[in-house]
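Chains, contacts and geometry: an overview
What follows is the residue order along each chain.
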Amino acid sequence: MGLPALEFSDCCLDSPHFRETLKSHEAELDKTNKFIKELIKDGKSLISALKNLSLAKRKFADSLNEFKFQCIGDAETDDEMCIARSLQEFATVLRNLEDERIRMIENASEVLITPLEKFRKEQIGAAKEAKKKYDKETEKYCGILEKHLNLSSKKKESQLQEADSQVDLVRQHFYEVSLEYVFKVQEVQERKMFEFVEPLLAFLQGLFTFYHHGYELAKDFSDFKTELTISIQNTRNRFEGTRSEVESLMKKMKENPLEHKTISPYTMEGYLYVQEKRHFGTSWVKHYCTYQRDSKQITMVPFDQKSGGKGGEDESVTLKSCTRRKTDSIEKRFCFDVEAVDRPGVITMQALSEEDRRLWMEAMDGREPVYNSNKDSQSEGTAQLDSIGFSIIRKCIHAVETRGINEQGLYRIVGVNSRVQKLLSVLMDPKTASETETDICAEWEIKTITSALKTYLRMLPGPLMMYQFQRSFIKAAKLENQESRVSEIHSLVHRLPEKNRQMLQLLMNHLANVANNHKQNLMTVANLGVVFGPTLLRPQEETVAAIMDIKFQNIVIEILIENHEKIFNTVPDMPLTNAQLHLSRKKSSDSKPPSCSERPLTLFHAMQSAEKQEQRNSIINSSLESVVSSNANSILNSSSSLQPNMNSSDPDLDVLKPTRPNSLTPFRKAKALYACKAEHDSELSFTAGTVFDNVHPSQEPGWLEGTLDGKTGLIPENYVEFL
């Protein structure tokens, strides 16, 4: 409901109704005044915010304009050039838009703030001044009227007439002021309908102009936007098309990085730690090293990958010799010594892994160190597969099977490390280890005994199932059907060295017994596979691919446990000729140190060409066929000493197993892949790269016979390749 009208005729009466109507108009003016005051304040805040927004957008536009895309490769496609140009186009549009915003902000003060402040001061302010004057005249008129009415009637007539005239004048003046005030109030009420709203309309018109400018910019930008959208889609399509190939290459690089190395001008390059002598002792400094075989130049660049900066000056030396460092001669692993022609002394270097050291030594034509043949095979405090090692494992198994076969979490729950180490020190003491009849005391907890057994197996120089067979076992576990898996693992087990196979059989028989009591101890075949897989079949290098294969390690152990009787008590399926030709070479490791082929080394065989492999296979097959007809009976009689299946599909272990001497066996040349120190008079000593004459199979399994410098002797079969 609107305000009632103020009638001029009511000014003379000055009735209570008039006063109430006047008060309602005054309240509305106060309300309007406060609203305009707040509106001006909010308008100034809005303008300030728009200025800040404009500054932020300009800064954003500047950032877009400064950034430059760098595409992969030495050339860009049209789509890539369009995308690279897009940021500058975005910046231009934003700047243009902000120029218009600044013009709108500058006009906002003139079209909005100034008119509102003027209306509030000139109109509402004038109404307030008129009210003050009206209130003052009201007080004056009422005072004079009260005084006039209090005059005594006994006054002279002339005095009374003069008083009446004075009151009339005051009443007339009050009436005039009242009319002026009512007029001003009604004027302001009417003026606010346009003088208050018109600035708001002008401000909104400025906003519309700004947005219309944005619309025009959008229309102008439309063509480039369409071009950019197409370029982005084309780029995305190319990315999706190549991503699978890149991912496949990445996986190949992960699986076998050596096969996908970039062609380098250097024979070998990579990071090595170089031992340097300091005042306070020695330190190992990381260097990026390169080696060129033709010039025999080794360049060493001290470089810290964490800081990304060089740590000193480059150094180049000329190689004289390279020798693998004995493990027992230095605390660090993977070390080798380099002698230089132009630098005195020996440079000791540490590779990043055993494989890395092998590659460096092959590149530098390195040689093996001279071994002390008088050293006992069982060093004090070192785990070995000798009589002491078998005794320790048998004692642990006997204790578990007689005292704790039904304990829950058997082999999964670990013992206290200090107690485990103490038990191992007692068991490995040569003074007490020979006492085979002595059982482990009852004071030792079962979890301590089981942890000691696992720790001893991990302390072996290499895993029980050997590094060189690790990938083959994994591949066997990945075959499609269970029968193929069992058959392949069966064959691989019989290719292990005799002592490794005997220890594995001892352990699997025991674990099968543990699994038979799984209802009490909760250790199923699967649980035992999880516990023993990483211990018995650990990889030589810890990589992501190796981690992903842990589940297959567990499967191998499960197969061994479930099929232990077949795998260890029967001979794997193989041609009869192979059974005859691969007889065991019996050596006593208790009386002398292990020979080259018996040491727990990781062998890395060079890949043979298809032509060489085919030629070798044809020679072997032709000789084998001649032997079958005349020796079938002797083969059956010697089945207890049969060797592993040579027809295994595993490419990693496709190493030639030559026939034993007969009239059809050819004499060939062979080249040494690794260096070896002879430990017996019948063996030959040689370095990597040595070429042998008249190489042919010997009567000893795992050994060949050849001639070097006029001397005939035995050569480890896995150390050479035929030429």
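Residues numbered from 1 in each chain as written. Predicted model: local features only at pLDDT ≥ 70, side-chain atom pairs only at ≥ 80, totals over all residues. Heavy atoms only, no water.

Counted only if it meets this: UniProt positions are given in the numbering used here, feature names are shortened, and annotations may be inferred rather than shown by experiment.
For the chain, the name recorded in an unreviewed UniProt entry is Rho GTPase-activating protein 26, with Enhydra lutris kenyoni as its organism. Its UniProt record gives the chain the following Subunit (unreviewed entry) comment, quoted word for word: "Interacts with NYAP1, NYAP2 and MYO16. Interacts with MICAL1 and WDR44. Binds to the C-terminus of PTK2/FAK1."

Concerning the packing of aromatic side chains
Spelled out, the test is: Only rings of Phe, Tyr and Trp enter the pairing, Trp through its six-membered ring, and a pair is recorded when the two centres are within 6.5 Å. The plane angle decides the type: under 30 degrees is stacked, over 60 is edge-to-face, the rest tilted. We count a charge as sitting over a ring when the NZ of a lysine or the CZ of an arginine lies within 6 Å of the ring centre and within 35 degrees of the ring normal.
Counting across every chain of the model gives eleven aromatic pairs. Over the ring of Tyr-271 we find Lys-286; its NZ or CZ atom is 4.9 Å from the centre of that ring. Across the ring face of Phe-552, the terminal group of Lys-478 is positioned such that the distance to the ring centre comes to 4.9 Å.

Some points on the sheet that holds strand S10 (residues 703-708)
Our working rule: Following DSSP output, two strands are said to pair if at least two bridges run between them. In this description a helix means any DSSP run of H or I spanning at least four residues, a strand means any run of E spanning at least two, and both kinds are numbered starting from the N terminus. For helices, the axis comes from a line fit to the C-alpha atoms of the stretch in contact; other axes are also lines fit to C-alpha atoms, and the angle between any two N-to-C directions lies between 0 and 180 degrees.
In spatial order, the strands read S11-S10-S9-S8-S12; together these five strands make up an open sheet with antiparallel pairing. On the outer flanks of this sheet lie strand S11 (711-716) and strand S12 (720-722), each paired with one strand and no other. Along the sheet, successive strands turn relative to each other by an average axial angle of 45°, direction set aside. Where strand S8 (residues 668-672) meets strand S9 (residues 691-697), three bridges bridge the pair, whose relative direction is antiparallel. Counterpart to Lys-671 in the pairing with S9 is Val-691.

Some words on the nonpolar core
Filter applied, for reference: Among buried residues, those of type Ala, Val, Leu, Ile, Met, Phe, Trp, Tyr and Cys that are joined through side-chain atoms within 4.5 Å constitute a nonpolar core. Exposure categories follow from relative accessible area, calculated using a 1.4 Å probe and restricted to protein chains: below 20% of the type maximum is buried, above 50% is exposed, and the middle band is partly exposed. When checking whether two residues touch, look at their non-hydrogen atoms; a contact exists if any pair is within 4.5 Å.
Grouped together as the largest cluster of nonpolar side chains are 63 residues, with contacts concentrated most on Leu-504, Phe-532, Leu-536 and Leu-560. Residues within four places of Leu-560 in sequence aside, it is in contact with Met-465, Ile-489, Val-493, Leu-504, Met-508, Ile-567 and Phe-568. Counting 34 residues, the second-largest nonpolar core is a separate cluster that includes Ile-47, Val-182, Val-185 and Leu-207.

Description of the pattern of salt bridges
We count it as follows: Take a side-chain nitrogen of Lys or Arg and a carboxyl oxygen of Asp or Glu: if they are within 4 Å of each other, that pair is a salt bridge.
Counted by the stated rule, this structure contains 23 salt bridges. Residue Arg-85 is joined to Glu-227 by a salt bridge in which the shortest nitrogen-to-oxygen separation is 3.9 Å. Pair noted here: Arg-85 is in helix H3 (residues 78-149) and Glu-227 is in helix H4 (residues 157-255), with a separation of 142 residues, a long-range link. When the shortest N-O distance is used, the salt bridge between Asp-365 and Arg-293 registers 3.9 Å. Placement of the pair is Asp-365 in the loop between helix H5 (354-363) and helix H6 (387-403) and Arg-293 in the loop between strand S2 (281-292) and strand S3 (297-304), with a sequence separation of 72 residues. Classification of Asp-365 by relative accessible area gives exposed; the value is 51%. On the accessibility criterion, Arg-293 (35% relative accessible area) is partly exposed. If you follow the salt bridges from partner to partner, you end up with Lys-184, Glu-187, Arg-191 and Glu-195 in one network.

Here's the deal with the environment of Leu-359
Relative to the helices and strands, Leu-359 resides in helix H5. Sequence separation of Leu-359 and Glu-269 is 90 residues, and the distance between their C-alpha atoms is 9.8 Å.

A look at unusual backbone geometry
One non-glycine residue with positive phi stands out, namely Phe-334, at about 60°. Looking at the secondary structure, you find Phe-334 in the loop between strand S5 (315-324) and strand S6 (335-340). For Phe-334, a relative accessible area of 16% corresponds to the buried category. Notably, Leu-522 is not glycine yet its phi reads approximately 65°, a positive angle. Of note, Leu-522 is situated in the loop between helix H13 (518-521) and helix H14 (525-536).

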